[in-house]
Amino acid sequence: MTHAQLHPAFRTGVIFGVVVIFLMLIGFATTAAQLLGALLGNMTFPLVNLLFLLGLVGLWGGAMGVRSAEAAISAPQAAPAAKTDTANAALVCGLMTGGMTGLLVAGLVFVVSILHARGANIRACLYALSPETIQLLSLGLPPAAAALAHLGLQLLSGIAGALLGRAVSLRGDHWQRRLSASRQLVRRRLASSASQPKIAHVWANRRLRRPLLCCSGLALVLLLPLVLGQYWNYNLGTIGIYVVLGLGLNVVVGLAGLLDLGYVAFFAIGAYTMALLTAPEPHHLQWSFWIALPIAVCLAALTGVLLGIPVLRLRGDYLAIVTLGFGEIIGILSRSDMLAPFSGGPLGVRGIAGPTLLGRTFSSQRDFLYLIVLSVLLTIFVTSRLRNSRVGRAWLAMADDETVSRAMGLNTLKYKLLAFGIGAAFAGLGGALFAARNQFTGPEDQTLMVSINVLALIIVGGTGSVPGIIIGALVLKGLPEMLRPLENYRLLAFGALLVVMIIWKPTGLWPPAKRRLESREVAEAFSDAEITTTEDKLKQ
Amino acid sequence: MLDRPPELPALSRTRRLNIYRVIRSGLGALLVAYVAWRLYEVLVVKAEYGPDTWLRFAISGLVLGSVYSLIAIGYTLVYGILRMINFAHGDVMMLGAFGGYFVLEALSAIPVASEVNPPLTFLNAHPILAVILAFACGMSIAALSGFFLERIVYHPLRRAPRLAPLIGAIGASVFLENAAQLLFGPQRRDYNNPFLLLRGAGWLIPVGTGVRLTYTGVLTFVLSLILMLGLYLLVYHTRLGCAMRAVAEDKQTAALMGIDVDHVISLTFVISGALAGAAGVMWGLHNGLVYYLIGFVPGLKAFTAAVLGGIGNVPGTLFGGLLLGTIESVGPAALGIDFQLKDVIAFLILILVLLFRPAGLLGEVSTEETL
Amino acid sequence: MKTRSWLDLLLMLVVTLAACTSGNVPEVCSRDKFGCAVIEPDTTIKIGMGGPMTGGSANFGIDISQGAQIAIADAGEFQGFRFELVAEDDEGTPEGGAAVANRFVMDKSIVAVAGHIMSGPTDAAMPIYEKAGIPMMSPAATNIELTKKGSAVFNRVAFTDAMQARFAAEYLYHKLGIRDLALIHDSTAYGSGIAEEVRKDFEALGGKIVGFEAITRGEADYSAPLVKIAAAKPQALYFGGSVQEGVILVNQMKITGLEGVIFFGDDGTFGSDFLTRTGVNGEGAYSTSFTLPESDRKTRFDAAYEKTYGIPPGKLSPFTWNGYDSTAPLILAIKSVAIIGGDGKLYIPRGALVTSVRNTRDYQGVTGTITCSPVGECSAAQPTFYVIQGGKWVEAPK
């Protein structure tokens, strides 16, 4: 057993141990046990569920330990013989991983139980460790026994996981080869054969694939609101508004490469304009929604341009901070006493009018959802036209290398202002729709978290791609709604997700087609196609 | 390294830019006129504040400013070396504050046998030792957090496009804040100061109705100066500092020269974290308030302070912090506007400085054109 | 002919079956405007609560929901059915309030809502509950406008700022003899609303307002606005806001030249947290509360809360008792209108429940006697003012 093999296993064990301790300390272990119980229907045995979960974690830890050990030793060589081909090696790895995790967890449980038994008020320090939680974590046993139990559990599951991991990796290679061989076979078959069913042809034909997807998506989106209830229509509406916001910010961040952290400022301007123009208080202007909407959008765009003039010459990081500051300024102003007679102050503005069509007010979430869907489609249309135009190409050039584009004669300031203004316009649209739907808006709606949410949306989904942004909105706004039992951990998961996504998949879950093209197809082109030279091409 | 400014206003080359320059200058002139008018109104026309009031404003501003400086030196260090805004710096400070809090709580629960009634606790029997222990614990926890932050979040993103570390930092910041809320609870906690250093106790200056100069305020100010000096000495008079400056100048060349770049960067984050931890404990001792969100807004303000003084520039950071604190305290009163709007003033100053003097007030203007 | 007779038989069967099953469903359900909520056997009767569970105001949401849980525990079983509290995070924003409301409305076993906690989300959620016929009993939404909108479902045990402000202004002017008053508020709907009311009432009584400042929540140093107020030499300082900021203000009053000035806080500043965190600086500070000074019910509640959660009530927020008193009347109303059907299910006519909650009369809660006015103001008790003497809250002389 070499040190090179043991060290990764040791490290994996420590990492898993620390993570499990953290989850226990924030009360997630008990929540997860209860959730599992609710899923399986055995609410009265949280202990069993907890043990089960801990065992699963140990299993995973063991498998990861073995894999990291293998990775460590097989990195330079590709020979399969260098793997842990003795069960003993895997066993020792598993023992190490499980042992480390077990020691850490057991240590925590031991210390906490002893302190609790002595009567210390642990909850004053660590909020989640109530007596019931401590009871559960120590498995109902006295401190020493509980610690040993945890250690034993982790050791056993670690070993099991290691053996499992080794089995999978040994067979996995074999399966991997068979899978890729069959995939190649299918591909060749499809490419060469002429007599294929129409559907396969259509699917294989990439140019037809996109319109097909778009049409089916459209049909879904138009028919769905009729079927879903009030609650889901409301959620889909929120997701839709965030898609509009995401597309707008995408113009600024994804296309023009300017990091804007104060996006909420334009959102606020759109929302407040709609509110102040249509609500009975405080100005007694009760204009129609349809008049107020374009005014809100234009005002937001104007603010974007005005903000941009002094600010857009700054470098990336500074621009981010300055826009952040501007967003905060708008938030402070909306709460201030000074502007209270104008904007309603901390109380906000209520009684915002909804849109009316042919005399009928939009009263249900379904009507609003149609309006939002329409806005989303409009936004998609505008942004994609922009992207494929001269303006869009100018933005791409600027985002790639600003010095070079300026050297080529591009008036970067003008294009930056355009991007900023258009992004702000879409934010204003989103804000106006938001205010009209809630019939109420106030300073609490204009927080930094809105900007961060929208930014995270486009990062997680994929900067610059429309389906990516839709996915991002679904994940970041729709998922928390569905995972309500875990909502205390929502923001924690949000932060972790942001970090994980940016490290693991910086181009997002669904990157724009261009980038995928660059990475995968280029690799393919160089691997199995022949490289034709320019001369050959000319000869043909 | 730390005195290399990042920005310079570009020379206008085409006529088209002139419109923007006109607008900018016009707005600037308007602003100056407005400020002058308000100052005149408040100082000459109404003149409702006596010298004791102004002195109080000034003291409050200087103390606030020194807290900002303490937090800002950590920012400056990281930015100077990595050209990266460590968004999570404020949260590292928060963790340091919690570390100090728990130490003081623990020490105040240990009784020390004595004849005094009520019985003395360790905290009050050995106050200086207790405070030193609190600082040590806070700084270590913060330094460790800084180290792991770098390892987990920033190290993998070193070759990524420039947006990525910033977003990673934002994610880390959100994570740390919520982890602190879930671990320690949403309640606000108060620092248990030893009797020697009670908040609100201090020397009385006989001006007007008596102006109080608090012990904790003076301690904050002095500590900022000491830490600044320490950092300055570190960066300019030690081998490690030399290595840091080399890495800041050019990573690849430094690596070629035999400097372990990863090691230096890790150490930078550790030191920056330790400084943040000291700032956090000081925050707790002076302001008393500790909860999971204390890092956010002060972090932002500290960054403003660093930029104001000249980011990457140690004396500049101190100066910037003090100036910002003073403007925040004295400004609203001097301009006759609400105190709610002091953050507006702070951010406006940030924007103005970045527009007209991006190198900061004490930074050196270089001829480098940066985009 | 044969098909005909089969059809007749089928028809008779269907009608008979319908008659049989409908005999299980109480008649009120078909007459009720909103129909009945049906609770299956072995499931719980759910009461919803929307409040900020994350973010800067998380302490309010968590504290009030914990108080409500004690009420649920006290309710025990009703006809074999247990109660359950569904507390969800509305983030303190109107967006969150509407989202939570839509979700509650979707769950048919939620029959009432003890919420929401903040005024903004409550305002956004009200029309949604109105349409679904779900009664509300808010523990802490104090904005005056909320009961002026003609809602049939909205009620609250929280006290309007208008009433509290009027009593506070009168106490300051007549009892404490203050003529020069300065005000600070924390820029929230609650704090600024009440400070504004106190200002108006105090000026109407003939007093002079020498300063009106606003601070931002969450900061740690308010010495600058305090210094400015000190320059105007007030006799008392009224604060509209919560414990967190109130504590900092009191602690900084001495060093900013406000020594000897009386601090007067609203009901958001009352609680044991204020005592412990101001210590010596807090001597002589006033605060407001609507909780009964002492009673059996309160003592029992305090003990139960401390035992379950390990911290005393009033530590996380001053509205812990309101959490109990918002949920208990709802439970009482449910118990009074629910009917057990012949099939063992529990039928709760929603419209009748709305009316019953609105008609709550003389319920003895931990904060006092709860009787709902026709517009949904359910608390008629007058505020009690407290002053810190010797490190304890003592009832201020009337």
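Note that this is a predicted model, so its numbers are computed, not measured. (Residues numbered from 1 in each chain as written. Chains lettered and ligands numbered in written order. Predicted model: local features only at pLDDT ≥ 70, side-chain atom pairs only at ≥ 80, totals over all residues.)

1. Some remarks on the overall build of chain A
Across its full length, chain A carries 22 helices and four strands. Counting the 540 residues in chain A, one finds 46% classified as buried. Residue pairs at least 24 apart in sequence account for 80% of intrachain contacts in chain A once pairs closer than 6 positions are excluded. (Helix = DSSP H or I, 4+ residues; strand = E, 2+ residues; numbered from the N terminus. Buried ≥ 20, exposed ≤ 12 C-beta atoms within 10 Å, placed from the backbone. Contact = placed C-beta atoms within 7 Å.)

2. Quick look at the overall build of chain B
Counting its secondary structure elements, chain B contains 13 helices and four strands. The C-alpha radius of gyration computed for chain B amounts to 22 Å, which stays within 12% of the reference 21 Å derived for 371 residues, consistent with globular compactness. At a minimum sequence separation of 6, the contacts of chain B that also span at least 24 residues come to 77%. (Rg over C-alpha atoms; globule rule 2.2 N^0.38 Å.)

3. Digging into the sheet that holds strand β14 (residues 346-349) of chain C
Residues and elements named next belong to chain C. Strand order in the open sheet made by the three strands is β1-β14-β13, with antiparallel pairing throughout. The sheet is open, and its two edges are formed by β1 (36-39) and β13 (339-340), each paired on a single side. Sheet analysis places β13 next to β14, joined by two bridges and oriented antiparallel. Directly across from Ile 339, in β14, lies its bridge partner Tyr 347. (Pairing = 2+ DSSP bridges.)

4. Some points on the interface of chain B and chain A
Across the contact, 43 residues belong to chain B and 46 residues belong to chain A. Listing elements by their share of the side of chain B that touches chain A, those giving two or more residues are α1 (17-46), α6 (163-184) and α13 (342-356) of chain B. A per-element tally of the side of chain B that touches chain A places α6(B) first, with 15 residues. Its residues assigned to classes, the side of chain B that touches chain A comprises 31 nonpolar, six polar and six charged. (Nonpolar A, V, L, I, M, F, W, Y, C, P; charged D, E, K, R; others polar.)

5. Overview of the confidence of the model for chain B
Scored by pLDDT, chain B has a mean of 83; 90% of the residues are at 70 or more. Confidence estimates for the predicted assembly give a pTM of 0.83 and an ipTM of 0.81. (pLDDT = per-residue confidence, 0-100.)

6. A short note on the environment of Gly304(A)
Residues and elements named next belong to chain A. Structurally, Gly 304 is set in helix α11 (residues 289-311). According to the C-beta neighbour criterion, Gly 304 is buried, with 28 such atoms within 10 Å. The spacing of Gly 304 and Ala 265 is 39 residues in sequence and 9.2 Å in space, taken between C-alpha atoms. Filtering out sequence-adjacent residues up to four positions away, Gly 304 remains in contact with Phe 266, Phe 420, Gly 421, Gly 423 and Ala 424.

7. A closer look at the interface of chain B and chain C
Reports often express the size of an interface as the amount of accessible area lost when the parts come together. In this assembly, 31 residues from chain B lie in contact with 29 residues from chain C. At the level of elements, α2 (51-82), β3 (211-214) and α12 (314-335) of chain B are the ones that each hand at least two residues to the side of chain B that touches chain C. Considering every element that reaches the side of chain B that touches chain C, the biggest residue donor is α2(B), with six residues. Residue classes in the side of chain B that touches chain C are distributed as eleven nonpolar, twelve polar and eight charged.

8. Observations concerning the confidence of the model for chain A
Residue and element names in this part refer to chain A. Summarising the model, chain A shows a mean pLDDT of 79, and 86% of its residues fall at 70 or more. When pLDDT is averaged over each helix and strand of chain A, the minimum, 48, is found for helix α22 (residues 534-539) and the maximum, 91, for helix α10 (residues 263-278). Counting contacts from residues 77-82, a segment whose pLDDT is below 50, to residues more than four positions away or on other chains yields four contacts. In the model, residues 527-537 has pLDDT below 50 throughout and makes one contact with residues more than four positions away in sequence or in other chains.

9. Focus on α6(B)
Residue and element names in this part refer to chain B. With 22 residues, α6 extends 32 Å from end C-alpha to end C-alpha; this agrees with the ideal 32 Å at 1.5 Å per step. The element α6 is largely enclosed, with a buried count of 20 among its 22 residues. Count one or two residues on from α6 and you reach Gly 185, which has phi positive near 90 degrees. (Expected span 1.5 Å × (residues − 1).)

10. With respect to the nonpolar core
Met274(A), Ala278(B), Leu237(C), Ile334(C) and Ile348(C) are the most contacted members of the largest nonpolar core, which has 383 residues in total. Here Leu237(C) is in contact with Ala182(C), Ile184(C), Ile229(C), Leu258(C), Val261(C), Phe263(C) and Phe264(C), once residues within four sequence places are set aside. (Core = buried A, V, L, I, M, F, W, Y, C linked by C-beta atoms within 7 Å.)

11. As for the pairing of strand β4 (residues 81-89) of chain C
Residue and element names in this part refer to chain C. Judged by how many residues are buried, β4 sits mostly within the fold: seven of nine residues are covered. As judged from the two bridges shared by strand β3 (residues 77-78) and β4, these two strands associate in the antiparallel manner. Across the sheet, the residue bridging to Glu 77 is Arg 82, located in β4. A loop of two residues connects β3 with β4, the two strands running antiparallel in sequence, and Gln 79 in this loop sits at a positive phi of about 55 degrees.

12. Some words on the packing of helix α3 (residues 89-107) of chain B against helix α11 (residues 296-309) of chain B
Residues and elements named next belong to chain B. It is at 8 Å that the axes of α3 and α11 come closest, and there the two elements cross at 125 degrees. By the angle between their directions, the pair α3 and α11 is classed as oblique. Handedness of the α3/α11 crossing: right-handed. In this structure, α3 uses His 89, Gly 90 and Met 93 to contact α11, whose residues at the interface are Phe 296, Pro 298 and Gly 299. Of the residues in the contact of α3 with α11, the class split is three nonpolar, three polar and no charged. (Axes fitted to C-alpha atoms, helices over the stretch in contact; angles between N-to-C directions. Parallel < 35°, antiparallel > 145°, perpendicular 65-115°, else oblique. Left-handed = near helix turned anticlockwise from the far one by under 90°.)

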